[in-house]
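Single-letter residue listing:
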Amino acid sequence: MKRRVEVKLSLPVVAPLLDVIRELSAELEKTLAAPQALHDLDQDFRGAWIGDLLDSQNGDLRALLSLFDGEFFTEGVVAFDETNAEPIVRACTAFRLQLRERRLKTLSDEALETGDVEMAGLDEPVRKAFMCYLFLATVQELIIQHLDSTILGA
Amino acid sequence: MPESRSHTRTDTRASTELQIEDAWRVVVLNDPVNLMSYVVMVFKKVLGFDETKARKHMLEVHELGRSVVWTGLRETAEAHVFTLQQWHLTAVLEPDEAPR
């Protein structure tokens, strides 16, 4: 049986985070979210390897962005299923890596891991980036909790 | 017959030496971003681990900073590294020389 998970999100909370996600997507168009050490590969092979990783990453980011279409802006609902769960769960990781690298440098790794951050003490751009970081983690957890077997069976 | 046995011994030794020379490790390094549940899922998906083995390697990455998740021929090791990198884990290829 096909599994589908629908989630109703709070529009006033999530909509402002989409600006951050779109900016991250543009930044990641030609950059890997997790730079990799590829010393053991020859130059030509390394170029093709990175190109394939970038293609895959961009496909994943597009899948996540496509969640936020007309239905989201009218109903506040997004849906995960067997076709989009895998790319979206990967895209969340790519965006979170980029957030840490580009927008959350002022927060320690320990704070990012535990989520133990005093939000009121953050500047607005950092606060927004951290909200986005937590939102994407929640999406990942939802997908893993409800669609883990779908992803593993794909 | 004895001659044949001798050939078999030689072939076996050559084959063993080839396997040792060609062995490469797939090593996953820690990062502060990926959720534990995500890393467990990726190990199950990419490497075919069961839940217990996936959790063991995830904790090794988390606590020791790295875990050797696969050892074998280079071509397969490269395929595993590529797929783990597609899932945004920091995965590297190492010749299987130093102690694990």
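Just above, that's the structure.
A short note on the pairing of strand β2 (residues 77–81) of chain A
Residues and elements named next belong to chain A. In terms of residue burial, β2 counts as a mostly covered element, since 5 of its 5 residues are buried. The alternating pattern of β2 places V77, A79 and D81 on one face and V78 and F80 on the opposite face, and all of these are buried. Two elements, strand β1 (residues 4–8) and β2, share 5 bridges in a ladder whose sense is antiparallel. Each bridged residue has a counterpart across the sheet, and for K8 the counterpart in β2 is V77.

Remarks on the sheet that holds strand β1 (residues 23–29) of chain B
All names here are of chain B. Strand order in the open sheet made by the 3 strands is β2-β1-β3, with antiparallel pairing throughout. Edge positions in the sheet fall to β2 (66–73) and β3 (90–95), since each of these pairs with one other strand and no more. Along the sheet, successive strands turn relative to each other by an average axial angle of 25 degrees, direction set aside.

Quick word on the packing of helix α1 (residues 11–27) of chain A against helix α4 (residues 85–102) of chain A
Residues and elements named next belong to chain A. At a minimum axis distance of 10 Å, the contact between α1 and α4 shows a crossing angle of 90 degrees. Relative to α4, α1 is oriented roughly perpendicular. Of the residues in α4, those touching α1 at V20, I21, L24, S25 and E27 are F95, Q98, L99 and R102. Considered class by class, the residues forming the contact of α1 with α4 number 5 nonpolar, 2 polar and 2 charged.

Here is what the cut-offs are and how they apply
Residues numbered from 1 in each chain as written. Chains lettered and ligands numbered in written order. Predicted model: local features only at pLDDT ≥ 70, side-chain atom pairs only at ≥ 80, totals over all residues. Heavy atoms only, no water. Buried < 20%, exposed > 50% of the residue type's maximum accessible area, 1.4 Å probe, protein only. Helix = DSSP H or I, 4+ residues; strand = E, 2+ residues; numbered from the N terminus. Pairing = 2+ DSSP bridges. Axes fitted to C-alpha atoms, helices over the stretch in contact; angles between N-to-C directions. Parallel < 35°, antiparallel > 145°, perpendicular 65-115°, else oblique. Contact = heavy atoms within 4.5 Å. Nonpolar A, V, L, I, M, F, W, Y, C, P; charged D, E, K, R; others polar.

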